[in-house]
Amino acid sequence: MPNPKRFDISVVGELNLDFVLYGLPARFELDREYIASDANLTLGSSSAIFAHNFALLGNRVAFHSAIGEDAFGEICLKRLEESGVDASGVRRFSGRKTGITVILPQPEKRYILTYPGVMAEMRFEDLDLRRIEEARHLHLSSYFLQTALRPRVADLFRYAKEAGLSTSLDTNDDPEDRWEGDVIDVLTWVDVLLPNEREACRLAQRDDPEQALKFLADKVPLVVMKQGERGVRARRGKEVFQDLPKKVDMVDAIGAGDSFDAGFLHQFLRGAKVEECLRYGNLAGAFSTTRSGGTEAFRDAAYRKAFFAA
Ligand SMILES: Nc1ncnc2c1ncn2[C@@H]1O[C@H](COP(=O)(O)OP(=O)(O)OP(=O)(O)O)[C@@H](O)[C@H]1O
Ligand SMILES: [Mg+2]
C-alpha cells in the first residue's frame, strides 16, 4: 500500500556540534597545558545524531530545530543535509549562538560540558505543526535541555497523537538531576520510551532498574531500557524482552543510545516484532561505538553497508 505521508518521522530537538578531545590525562591540573592524542569536530546532540543516522538507515526524516547565526550552525546543517535529512524545519535565530558540547572521553566514561545556545530558546510557537503532521511518527530527545519548549512538550505529543502519529521519547539526562514530574505527564502521549538504565531509575524514582522498568511500563505501552555494553531490556505490559549487542572494538560510546533508538525505530515503523527491533537497535548502537562521535560510523556508506550486511 502506498504511504500517503511525506515523511516517516518528524524529529523535534536540539542541534549542535560535538568537539571531542581524546587522551585526557588521569591527572588534569589547572594552568598546565596537555596534549590531546586526537580531536574531532562532528555533528552532536542527541536529536540530530538520531535524525542523521535514522535517515542513513533509509528513512525519510523531517528535522525541527534551531541554530544561531554562526559557522557552527552551518556545519550542523551541512552534515544533516548530507545524510538526507530534510532540514527545512530548522530555524535560524538571528544574532544568536548555536550550542556546542565539549567531550573528554576517558577509557570507560566521559566528561561532557554543553553550552546550550539557541536549543534552550526554541519554543512551541517556533514549531511548524502542520509540517510535523506530515510524518507517520514523532520523536523527541533531550527533554531537559530544551528549556523553552519543555512546558509545552506534553501539548506537542498530544497534538501528534491526535493527528494520528505514533510517538517516541528519549529524555536523556537531566543536567540538574531534578527529574520533576512534568515529564511523567508527557508519558500519557508516548508509545515508546527509550531511557538508559540510570534515566529509567531517575524517571521512576526507583533504585532498582527492574522496578523502574515495571513502573514505566504501567504508563507507556513499550519501554526500552538501554544498558550500554549489556545491551537492552524492554517491557510491554507484563512481557519482558532482552537482547545483547555484538562485541565490537569500541572507540567511544558517544551517541550510541541515539543510534540504538534509530535502529530500534527503523524496525518498529516497519511493524517488526519487539525482538527484531531490539536486535536492530543493538546492531546500530554497537556500530556507532566503532568510530569517533555519534555519526562518523554511519557517514561512511561502504563501512555501514558492510557492517549491516554481516
Ligand atoms: N561497549 C559496547 N559494545 C556494544 N554495544 C554498545 C556498547 N556500549 C553501548 N552499546 C550499544 O549502545 C546502546 C546504548 O547504550 P547506552 O546505554 O550507553 O545508551 P545511552 O546512555 O542512552 O547513550 P547516549 O550517551 O548516546 O545517550 C546499547 O544498548 C548498545 O546497543
Ligand atoms: Mg541517551
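Source: prediction; values computed, not measured. (Residues numbered from 1 in each chain as written. Chains lettered and ligands numbered in written order. Predicted model: local features only at pLDDT ≥ 70, side-chain atom pairs only at ≥ 80, totals over all residues. Heavy atoms only, no water.)

Caption draft 1: Main features of the packing of helix H8 (residues 256–268) against helix H9 (residues 274–288). In the contact formed by H8 and H9, the axes pass within 7 Å of each other and the chain directions differ by 145°. Crossing angle aside, the handedness with which H8 passes H9 is right-handed. Across from Ala256, Ser259, Phe260, Gly263, Phe264, His266, Gln267 and Phe268 in H8, the residues of H9 making contact are Glu276, Cys277, Leu278, Tyr280, Gly281, Asn282, Ala284, Gly285 and Ser288. When the residues that make up the contact of H8 with H9 are grouped by side-chain class, the tally is eight nonpolar, eight polar and one charged. (Axes fitted to C-alpha atoms, helices over the stretch in contact; angles between N-to-C directions. Helix = DSSP H or I, 4+ residues; strand = E, 2+ residues; numbered from the N terminus. Left-handed = near helix turned anticlockwise from the far one by under 90°. Contact = heavy atoms within 4.5 Å. Nonpolar A, V, L, I, M, F, W, Y, C, P; charged D, E, K, R; others polar.)

Caption draft 2: Structural detail: the sheet that holds strand E11 (residues 222–226). Ordered by their spatial adjacency, nine strands build an open sheet running E5-E4-E1-E8-E9-E10-E11-E12-E13, and the pairing between neighbours is mixed. Either end of the sheet is taken by a strand with one partner, and the two such strands are strand E5 (86–92) and strand E13 (239–243). Across two bridges, the pairing between strand E10 (residues 192–193) and E11 is parallel. Opposite valine 192, over in E11, you have leucine 222 as the bridge partner. Where H8 meets the sheet, it contacts strand E8 (135–141), strand E9 (166–170), E10, E11 and strand E12 (232–236), and its direction lies at approximately 145° from that of E11. Lying over the sheet, H9 contacts E11, E12 and E13, oriented at roughly 30° with respect to E13. (Pairing = 2+ DSSP bridges.)

Caption draft 3: Spotlight on the pattern of salt bridges. Summed over all chains, the structure comprises 30 salt bridges. Among the salt bridges present, the one from arginine 96 reaches glutamate 121, with a minimum N-O distance of 2.7 Å. Of this pair, arginine 96 sits in the loop between E5 and strand E6 (99–105) while glutamate 121 sits in the loop between strand E7 (110–115) and helix H3 (129–132); the two residues are 25 residues apart in sequence, bridging distant segments of the chain. In this structure glutamate 121 comes out as partly exposed when scored by relative accessible area, which is 28%. With its nearest N and O atoms 3.3 Å apart, the salt bridge here joins glutamate 125 to arginine 152. In this pair, glutamate 125 sits in the loop between E7 and H3 while arginine 152 sits in the loop between E8 and helix H4 (153–162), placing the two residues 27 residues apart along the sequence. Through salt bridges with shared partners, a single network forms among Lys78, Arg79, Glu82, Glu296 and Arg299. (Salt bridge = Lys/Arg side-chain N within 4 Å of Asp/Glu carboxyl O. Buried < 20%, exposed > 50% of the residue type's maximum accessible area, 1.4 Å probe, protein only.)

Caption draft 4: Examining the site of ligand 1 more closely. Around ligand 1, the structure places 20 residues, and the nearest of them are Arg110, Asn196, Gly228, Gly257 and Asn282. Glycine 228 has a polar backbone atom sitting 2.7 Å from an oxygen atom of ligand 1. A distance of 3.0 Å separates an oxygen atom of ligand 1 from a polar atom in the backbone of glycine 231. For ligand 1, the protein covers 87% of the area, taking 630 Å² as the surface of the free molecule. Secondary structure elements with two or more residues in the shell around ligand 1: H8 and H9. It is H8 that contributes the most residues to the shell around ligand 1, four residues altogether. Counted by class, the shell around ligand 1 contains six nonpolar, nine polar and five charged residues. (Near = heavy atom within 4 Å. Polar contact = N/O pair within 3.5 Å; in protein donor to acceptor, adjacent residues only side chain to side chain. Areas by Shrake-Rupley, 256 points an atom, 1.4 Å probe, with all protein chains shown as cover.)

Caption draft 5: Layout of the packing of H9 against helix H11 (residues 301–309). H11 packs onto H9 with a crossing angle of 140° between their chain directions and a minimal axis gap of 11 Å. Classed by the angle they form, the pair H9 and H11 counts as oblique. Remark: the crossing between H9 and H11 carries right-handed chirality. Contacts between H9 and H11 involve Tyr280, Leu283, Ala284 and Phe287 on the former and, on the latter, Tyr303, Arg304, Phe307 and Phe308. Looking at the contact of H9 with H11, its residues break down into seven nonpolar, no polar and one charged. (Parallel < 35°, antiparallel > 145°, perpendicular 65-115°, else oblique.)

Purely spatial values, then, with no claim about function.
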